[in-house]
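# Structural overview for review
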Amino acid sequence: MNLLDLIPGNRISGELFNNISDDILAAINPQKLPLIERFNQFNLKSKQQIMDIIQNSSQEKYYILYTHPVKEKKNRLYVSEKGDLLNFIDSRFNEERGDGMDIIISDMSYKSLIVGNHDGMLLEV
């Protein structure tokens, strides 16, 4: 099974992919700080805390931007329903086992941002 098949939602491609992924990446680092410096400003949260943030949000749809660790051309963007996103986070992230995926989750306004990594960490921006 392809790892990307696990991401729920409808894939966005073409020019719309470029525009939305650029907007998400700009929202993650609006001051254009060195990435390690910006990463250190994020707030590490438990999986349950992240799920509570999403569950309690009025947003019903979210972007999931998969960021390939080496090849940018393999990045993918999906739009997902809240319930599907919550199931995905619950099944795919486990910090104790070091199991996760390099993704950025964004609400449709780019105001609520969550970063997940392949080690199972989830961080609120």
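### A few points about the nonpolar core
Formed by 19 residues in total, the largest nonpolar core has its most connected members in Ile7, Ile54, Leu85, Phe88, Ile89 and Ile103. Put simply, the parts of the chain that give this core at least two residues each are α3 (47-55), β3 (61-66), α4 (82-92) and β5 (103-107). Top element by residues in this core is α4. It accounts for four residues. Among residues more than four places away in sequence, those in contact with Ile89 are Lys47, Ile50, Met51, Ile54, Ile105 and Leu122. If you look at the next biggest cluster of nonpolar residues, it comprises 14 residues, including Ile12, Ile20, Leu77 and Leu123.

### Observations concerning the pattern of salt bridges
The final tally for this structure, using the stated rule, is six salt bridges. Here Lys61 makes a salt bridge to Glu81, at a shortest N to O gap of 3.7 Å. With Lys61 in strand β3 and Glu81 in strand β4 (residues 76-81), this residue pair connects regions lying 20 residues apart in the sequence. Looking at Glu81, the relative accessible area reads 38%, which means it is partly exposed. Of the charged contacts, one joins Arg97 and Asp99 as a salt bridge, the two residues approaching to 3.4 Å between their closest N and O atoms. Judged by relative accessible area, Asp99 falls into the partly exposed class, the value being 22%.

### Re the side chain of Ser106
The residue Ser106 is located in strand β5 in this model. Here Ser106 falls in the buried class, since its relative accessible area comes to 0%. Ignoring any residue separated from it by four or fewer positions in sequence, one finds Ser106 in contact with Ile24, Tyr62, Tyr63, Ser112 and Leu113.

### Things to note about a negative patch on the surface
Taken together, the side chains of Glu15, Asp22, Asp23 and Glu72 present a region of like negative charge at the surface. Structurally, Glu72 is set in the loop between β3 and β4.

### With respect to the sheet that holds strand β6 (residues 113-116)
With respect to topology, seven strands assemble into an open sheet ordered β1-β4-β3-β5-β6-β7-β2, the strand pairing being antiparallel. Among the strands making up the open sheet, the edge pair consists of β1 (10-12) and β2 (43-45). Here the average twist between neighbouring strands, direction ignored, is 30°. In the sheet, β1 pairs with β4 via three bridges, with the strands oriented antiparallel. Among the inter-strand pairings, Asn10 is bridged to a residue of β4, identified as Val79. Contacting β2, β3, β6 and β7 (122-124), α3 runs over the sheet at an angle of about 50° to β7. Of the strands in this sheet, β3, β4, β5 and β7 touch α4, which is tilted by about 115° from β4.

Parameters and conventions
For every chain, the first residue of its written sequence is number 1, and the numbers climb from 1 along that sequence. Owing to the predicted nature of the model, reporting of local features is limited to residues with pLDDT of at least 70; listing and counting of side-chain atom pairs is limited to 80 or more, with chain, interface and lining totals taken over all residues. Values shown for side chains rest on all heavy atoms present in the structure; no hydrogens or waters enter the calculation. Here, the term nonpolar core denotes a set of buried Ala, Val, Leu, Ile, Met, Phe, Trp, Tyr and Cys residues that are joined through side-chain atoms within 4.5 Å. Think of it in three bands: residues with accessible area under 20% of the maximum for their type are buried, residues over 50% are exposed, and the middle band is partly exposed, with areas taken using a 1.4 Å probe on protein chains only. In this text, helices come from DSSP runs of H or I with a minimum length of four residues, and strands from runs of E with a minimum of two, each type numbered from the N-terminal end. We call two residues in contact when some of their heavy atoms are within 4.5 Å. In the sections that follow, a salt bridge refers to a side-chain nitrogen of Lys or Arg positioned within 4 Å of a carboxyl oxygen of Asp or Glu. Like-charged residues within 9 Å of one another, or nonpolar side chains (Val, Leu, Ile, Met, Phe, Trp, Tyr) within 5 Å, are grouped into patches, provided each residue has over 30% relative accessible area and no salt bridge. Only the protein chains shown count as cover for residues, and all accessible areas are computed by the Shrake-Rupley method using a 1.4 Å probe. We count Lys and Arg on the positive side and Asp and Glu on the negative side, and we leave His and both chain ends out. Taken as the charge centre is NZ of Lys, CZ of Arg, CG of Asp or CD of Glu, depending on the residue. When DSSP finds two or more bridges between two strands, those strands count as paired. Only the stretch in contact is used when fitting a helix axis, every axis being a line fitted to C-alpha atoms; angles between N-to-C directions are given from 0 to 180 degrees.

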